[in-house]
Amino acid sequence: MSTAVPDPTKEPVNQTALHPAGVQPHVEHTELEEELHTRAHIDYDRVAIIANPSVPTLYEDALVYETGSAITASGALSAYSGAKTGRSPSDKRIVQEEDSSKDIWWGPVNKPMTPEVWLINRERAIDYLNTRNRIYVIDGFAGWDERYRIKVRVVCARAYHALFMRNMLIRPTAAELEHFHPDYVIYNAGAFPANRYTTGMTSSTSIALNFHEKEMVILGTEYAGEMKKGVFTVLFYEMPVKHNVLTLHSSANEGKDGDVTVFFGLSGTGKTTLSADPKRALIGDDEHCWSDTGVFNIEGGCYAKTIGLSAEKEPDIYNAIKFGSVLENVVFDPATRKVDYEDTTLTENTRCAYPIEYIENTKIPCISSGHPTNIVLLTCDARGVLPPISKLNTEQTMFHFISGYTSKMAGTEQGVTEPQATFSTCFAQPFLALHPMRYARMLADKIATHGANAWLLNTGWVGAGAATGGKRCPLKYTRAILDAIHSGELAKVEYENYPTFNLQVPKTCPNVPDEILNPKTSWTGTADFKDEVSKLAELFNENFKKYSDEATPEVIAAGPQL
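Bear in mind the structure is a predicted one, so any value in this text is a computation, not a measurement. (Residues numbered from 1 in each chain as written. Predicted model: local features only at pLDDT ≥ 70, side-chain atom pairs only at ≥ 80, totals over all residues. Heavy atoms only, no water.)

A. The arrangement of the packing of aromatic side chains in detail. As enumerated under the stated definition, the model contains 23 aromatic pairs in all. Pairing Phe423 with Phe540 gives two aromatic rings, centres 5.2 Å apart and planes at 80 degrees, and the pair type is edge-to-face. Of this pair, Phe423 sits in strand S24 (residues 420-423) while Phe540 sits in helix H15 (residues 529-544), placing them 117 residues apart in sequence. Under the relative-accessibility criterion, Phe540 is labelled buried at 1%. (Phe/Tyr/Trp six-rings, centres within 6.5 Å; stacked < 30°, edge-to-face > 60°. Helix = DSSP H or I, 4+ residues; strand = E, 2+ residues; numbered from the N terminus. Buried < 20%, exposed > 50% of the residue type's maximum accessible area, 1.4 Å probe, protein only.)

The structure is reproduced here in structure tokens:
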């Protein structure tokens, strides 16, 4: 297996000599080059600026200039992101300036950076880009609805980063590219470190976003996902503040009759798996906005986890890994180039970025026909005390949306001996720009206005907890529950109240055994049921104290009552 750590900064002396058909000397500079020179002092007389290159060109450049890049057996490009193989949320900063400061949710998620330090980091990034023989520019849109889409320009030093963002942004037509002027610019100098002695820096990594200058600067990390999530944070600010459009960390799909379902959920809850439904068209798997006409996808691609991937378990994702896709930090056989998706030598966070049209059952353009009919909040409760499905009222929807609960499993980390509660507010805490209650109020207003049903769907354990003899709810039952939601049957059955959490639980559901629907009646665990319920309820209430300053009494009361 190929596990060597490559050096992606390798630079040949003469790019034109190696690429006779590549960038040639010229006298007049393009409109794009002039814009880069004016806005960021990019030295266009020294640096070859490769603007919106084709996929084959990016493949060729990655193979020539980035050690460790390879074409895998499926045709996808394999790339290595360096020492950082995941996001660095503790190194994310928002520039504290007059325009946006009053709106930003300052705290552990959004830490302030002074404009002076921003200028130092920006200059550092530009200086690095100006030392390269070539840099890449990728222009694209964020948001399929043309009324709200944001024009994004990515300036980077690696072909891998350029191909990644070419896949993840919505690709403009040739006519749209001709006079493309960006709303936001990302300067990715990730191979070059931040100066950790600069005021406010905690490490050599810095991801900084400036809403006034409409720019993002990346130093000290080559993990491509930072660019994707940086754009997401921009939408979490721009859409609610400027357009009254709600940004959602969710997947979404649409039925043949135009009924739309939105799925919220943290990692491991089933957001991607459950939205990939052969009977329904995929709108998107991760990032959406809810406007006055419906839901639209933010992205032009998907960024799927590949750990443990197989054609049997996830055929849509497996078949999307082909020419044009970017595999990140995977291990492959050096002779056959076949990827071992079970190998975690480099990281457990192996991923693939591919254009959304590589998923056959995708609705293009990625815009819903109308407003959501069903809102599904996904959780994976390893204690086994949350019902497999509950119908939520408005206040409960806001409470559980703000809570963003799932479980961290025992054994996943040193010292974790029993399931641990994990909360990520709005199911999107690392990417939020505004206070969570602002998004929750918008969600509640839209649900009320458009008459959507809201559900809490637990894909976790039934009968008992993971540590007390339970088993994960079979996927066939979870899918049967979703089928009953989509058909409208589940909304018509008889419900009963589930104490402490005060959830409305169906007594029956088509193709699902009655006994698993209520945890109290199905409990067979070795632990005391009431004790387990109380433990989880206390964790919910303790977590919610962080947001209670802006929550209404009704929303606070919608939480567990001990």
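B. Summary view of the sheet that holds strand S3 (residues 77-79). Reading across from one edge, S2-S3-S17-S20-S16 is the order of the five strands in this open sheet, with mixed pairing throughout. Lying at the two open borders of the sheet, with one neighbouring strand each, are strand S2 (70-71) and strand S16 (301-305). Here S16 runs beside strand S20 (residues 351-355); their pairing, made up of five bridges, is antiparallel. Counted as the bridge partner of Cys302 is Tyr354 from S20. (Pairing = 2+ DSSP bridges.)

C. Structural view of the nonpolar core. Formed by 131 residues in total, the largest nonpolar core has its most connected members in Val154, Leu235, Tyr354, Ile375, Phe401, Tyr439 and Phe501. Per element, the largest residue contribution to this core is eight residues, and it comes from helix H8 (residues 225-243). Residue contributions to this core reach at least three from each of two domains, namely domain 1 (65-243) and domain 2 (371-524). Every residue in contact with Phe401, bar those within four places of it in the chain, is listed here: Phe264, Leu377, Thr425, Cys426, Phe427, Tyr439, Ala440 and Leu443. Core analysis: the next-biggest nonpolar cluster, separate from the first, contains 27 residues, Ala125, Val155, Ala194 and Ala208 among them. (Core = buried A, V, L, I, M, F, W, Y, C linked by side-chain atoms within 4.5 Å. Domains from an automatic or database assignment. Contact = heavy atoms within 4.5 Å.)

D. Seen up close, H8. Here H8 is 19 residues long and its end C-alpha atoms lie 26 Å apart, about the 27 Å a rise of 1.5 Å per residue gives. In terms of residue burial, H8 counts as a mostly covered element, since 16 of its 19 residues are buried. (Expected span 1.5 Å × (residues − 1).)

E. Representation of the pattern of salt bridges within the structure. Per the stated rule, a full pass over the model turns up 28 salt bridges. In this structure, the salt-bridge partner of Lys363 is Glu254, at a minimum N-O distance of 3.2 Å. Note that Lys363 is positioned in the loop between S20 and strand S21 (372-379) and Glu254 in strand S11 (residues 246-254), a separation of 109 residues in sequence. Residue Lys363 is classed as partly exposed on the basis of its relative accessible area of 21%. We classify Glu254 as buried; its relative accessible area is 7%. Of the charged contacts, one joins Asp286 and Lys271 as a salt bridge, the two residues approaching to 2.8 Å between their closest N and O atoms. Of this pair, Asp286 sits in the loop between strand S13 (281-284) and strand S14 (287-290) while Lys271 sits in helix H9 (residues 271-275), and the two are 15 residues apart along the sequence. Lys271 shares its class with Asp286; the two are buried. Among the ionic contacts, a cluster of salt bridges with common partners joins Lys228, Lys229, Lys271, Asp286, Glu287 and Glu299. (Salt bridge = Lys/Arg side-chain N within 4 Å of Asp/Glu carboxyl O.)

F. Representation of empty space enclosed by the protein. In total, this model carries eight cavities of 30 Å³ or more according to the counting rule given. Every residue lining the largest cavity is counted, 16 residues in all, and those nearest its centre are Lys92, Ile207, Glu226, Gly230 and Thr233. Looking at the lining of the largest cavity, the elements with two or more residues in it are strand S4 (92-95), strand S9 (206-210) and H8. Looking at which element gives the most residues to the lining of the largest cavity, the answer is H8, with four residues. The class makeup of the residues in the lining of the largest cavity is eight nonpolar, three polar and five charged. (1 Å grid on protein atoms, 1.4 Å probe; cavity = no way out; pocket = protein on both sides within 12 Å on 5 of 7 lines; lining within 4 Å. Points joined across faces, edges and corners; volume = space filled by probe spheres on them. Nonpolar A, V, L, I, M, F, W, Y, C, P; charged D, E, K, R; others polar.)

G. Representation of the sheet that holds strand S10 (residues 215-219) within the structure. Spatially, the eight strands line up as an open sheet ordered S1-S6-S7-S8-S10-S9-S4-S5, and their pairing is mixed. In this open sheet, the two strands that pair with only one neighbour each are strand S1 (48-51) and strand S5 (111-113). Sheet twist, expressed as the mean angle between neighbouring strand axes with direction ignored, is 25 degrees. In the packing of helix H5 (residues 115-130) onto the sheet, the strands contacted are S4, S5, strand S6 (134-142), strand S7 (150-156), strand S8 (184-189), S9 and S10, and the crossing angle to S10 comes to about 65 degrees. The strands touched by helix H6 (residues 159-168) are S6, S7 and S8; relative to S6, the strand with the most contacts, the crossing angle is about 10 degrees. (Axes fitted to C-alpha atoms, helices over the stretch in contact; angles between N-to-C directions.)

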